[in-house]
Amino acid sequence: PLTITPAYTPTSCFHLLFGKYYLTRSKTERRYIRRSLTVHLLFKKNNHHRTIFTMASLQPIKLYSHNTGPNGWKVAIILEELAIPYETIFLEMDDGENGVKGASFLKINPNGRIPAIVDPNNNNFAVWESAAILQYLAEKYDKKRELYPESIEERAIVNQWVAYQISGLGPSQGQFFWFSRYHSEKLPSAIERYKNESLRLYKVLEQQLAKNEWIAGPKYSIADIAFYPWVKILPYVGIDTTELPNVLKWIEKMATKETVKKAYSVQKPAQ
Amino acid sequence: MSEKKIQLYSLATPNGQKVSIALEELGLPYDAHTIDIRKGDQFTPEFVAVNPNSKIPAITDPNGPNGQSLNVFESGAILLYLAEKTGKLIPTDPIKRSQCIQWLFFQMGGVGPMFGQFGHFHKYAPEKIPYAIERYTKEARRLLGVLNKQLEGKQYLIGDEYTIADIATFPWVRCLDTGYKGWEVIGVAEFTNVTAWLERCSAKPASQKGFNVCSF
């Protein structure tokens, strides 16, 4: 991710002195500046110039999200991790002007669910489905391949855990919430069904985290990001956590990340 | 050329069929092992070593990195893995590729789980709960509507190219009939683009073969 080091390197000096000037130039002018001999020689040595200029000139990505819905926060986290500027538009769960099933949002995501992003740095390309967004952002902007590996095999491992979250944990916990909290009529067999399946899925996750530092193995990845917004609320949902010590430890580890704190800083407390 | 074949652990449910169909379509050699989830085969230590979640399908690819074998679980992850490895059934253009992946995840996060809940409450649940049946019937219809709109004027989900997004989705639509006997209840016939596309995908020889791998 883009960082400006405290030491006075040529890179940081350029940013301090000329950053604002550079960012307000047109696309052609910026290209000219980057290619000008002096600037090129200044940064050629440590190769940071490409990253800095690319990240510095990004237009904010539009993130369509919801205040309490877990899936949008996955995208906020990865945007923070990759230091990509973004602007969040919080939608309502209805079919009004500002609703997920309203006419304008359905043009962006025909499925009418959050999250979705629109990338102005790529001809306003729209991406929906949280896992597809995580992959898209990682592939396009994570140049160092820190969050999503390069090799097909390592990716398969990360993808299987992402898939487990989006097809297993999310839906089961989601239906559990619906039947236990939101639906007016209490239907015991439905509540039991989703509670049991959610607990089963958490126990599998517990086994994985007992053997691994992070969900997909020794490295932090989009798998951890995909799980976090759902697992973060585990201590509050009415599922017994006594047999899930490693899951609880992982929640703590994630919660202390600056990027995660930053992502959630715009969340309003739930009613 | 390696003699070692992919080992497939599966059953002819929609998720299992996805992977069998893909393997047939790609012409990859494989050995199929039936994991009968009605008998608890998915809980044996051997299978749990391949998939700790105890669900089918799962594969072991003996031709993994550094000559070691690689286990992959989750049908969507398997489809992506096979497509990336062969370069087939997934577009090369980055825009179309992202669209393919969006529809693939739409199936995994939406179509699969929600059609599955419909199946449970409509067919399998010992207690008939009208509210639950209605909830998942409505959502199934909504999802079919989304698919129907996407398929307007198209051969396949992202255009002219048959991809893993199609392969992931059509076995589930088919299952509403063959598995859950819910075709009329949901009113699938109204979604004419979907039914035409289902026929088109099902008619392929690889699909016909794939439907019956690891049969019940």
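As shown above, the structure is provided for reference.
**Student:** Even after reading the chapter, I still don't get the sheet that holds strand S2 (residues 30-34) of chain B, so can you show me in this structure?
**Tutor:** All names here are of chain B. Within the open sheet, the 4 strands sit side by side as S2-S1-S3-S4. Their pairing is mixed. Each end of this open sheet is capped by a strand with a single partner; those strands are S2 and strand S4 (70-73). Here the average twist between neighbouring strands, direction ignored, is 20°. Pairing geometry for strand S1 (residues 6-10) and S2, over 5 bridges, is parallel. Across the sheet, residue Ser10 finds its bridge partner in S2, namely Thr34. In the packing of helix H1 (residues 14-26) onto the sheet, contacts are made with S1, S2 and strand S3 (58-61), and the angle to S1 comes to roughly 155°.

**Student:** Please explain the interface of chain B and chain A as it appears in this structure.
**Tutor:** Where interface size is given, it is often the accessible area lost as the parts come together that is meant. With 39 residues of chain B at the interface, the matching set in chain A holds 42 residues. Note on chain B versus chain A: buried area summed over both sides is about 3500 Å², and carbon and sulfur give 61% of it. Among the residues chain B hides against chain A, the three largest losses belong to Gln102, Phe105 and Tyr131 of chain B. Together they make up 17% of the total. Scanning the region where chain B abuts chain A turns up 3 salt bridges. Note that Arg155 of chain A and Glu84 of chain B form a salt bridge whose closest N and O atoms lie 3.9 Å from each other. Our count for the contact surface shared by chain B and chain A stands at 14 residue pairs in polar contact (both at pLDDT 80 or more). Listed by contribution, the elements that provide at least two residues to the side of chain B that touches chain A are S4, helix H3 (75-86), helix H4 (94-124) and helix H5 (130-150) of chain B. The greatest single-element share of the side of chain B that touches chain A, amounting to 16 residues, is contributed by H4 of chain B. Classifying every residue of the side of chain B that touches chain A by side-chain character gives 23 nonpolar, 8 polar and 8 charged.

**Student:** So what exactly am I meant to see when it comes to the packing of aromatic side chains here?
**Tutor:** For any pair of aromatic rings, geometry is given as the distance between the ring centres together with the angle between the planes. Tallying each qualifying case throughout the model produces 25 aromatic pairs over all chains. Taken together, a centroid distance of 5.5 Å and an interplanar angle of 45° make the contact between Tyr64 of chain A and Phe105 of chain A tilted. Of this pair, Tyr64 of chain A sits in strand S1 (residues 61-65) while Phe105 of chain A sits in helix H6 (residues 103-108), and the two are 41 residues apart along the sequence. Considered together, Tyr64 of chain A and Phe105 of chain A belong to a single accessibility category, that of buried residues. Judged by centre distance (6.4 Å) and plane angle (65°), the rings of Phe118 of chain B and Tyr180 of chain B are edge-to-face.

**Student:** When you look at the pairing of S1 of chain B in this model, what are you seeing that I'm missing?
**Tutor:** Regular strands show a simple pattern: their side chains alternate between the two faces of the sheet. Residue and element names in this part refer to chain B. Across the 5 residues of S1, 5 count as buried, placing the element largely inside the fold. Where burial is concerned, the two faces of S1 agree: the one with Ile6, Leu8 and Ser10 and the one with Gln7 and Tyr9 are both buried. On the question of chirality, the crossover connecting S1 to the parallel S2 by way of H1 is right-handed.

Cut-offs used in this document
Residues numbered from 1 in each chain as written. Chains lettered and ligands numbered in written order. Predicted model: local features only at pLDDT ≥ 70, side-chain atom pairs only at ≥ 80, totals over all residues. Heavy atoms only, no water. Pairing = 2+ DSSP bridges. Helix = DSSP H or I, 4+ residues; strand = E, 2+ residues; numbered from the N terminus. Axes fitted to C-alpha atoms, helices over the stretch in contact; angles between N-to-C directions. Contact = heavy atoms within 4.5 Å. Buried area = accessible area lost by both parts, 1.4 Å probe. Salt bridge = Lys/Arg side-chain N within 4 Å of Asp/Glu carboxyl O. Polar contact = N/O pair within 3.5 Å; in protein donor to acceptor, adjacent residues only side chain to side chain. Nonpolar A, V, L, I, M, F, W, Y, C, P; charged D, E, K, R; others polar. Phe/Tyr/Trp six-rings, centres within 6.5 Å; stacked < 30°, edge-to-face > 60°. Buried < 20%, exposed > 50% of the residue type's maximum accessible area, 1.4 Å probe, protein only. Right-handed = clockwise from strand over helix to strand, strands pointing away.

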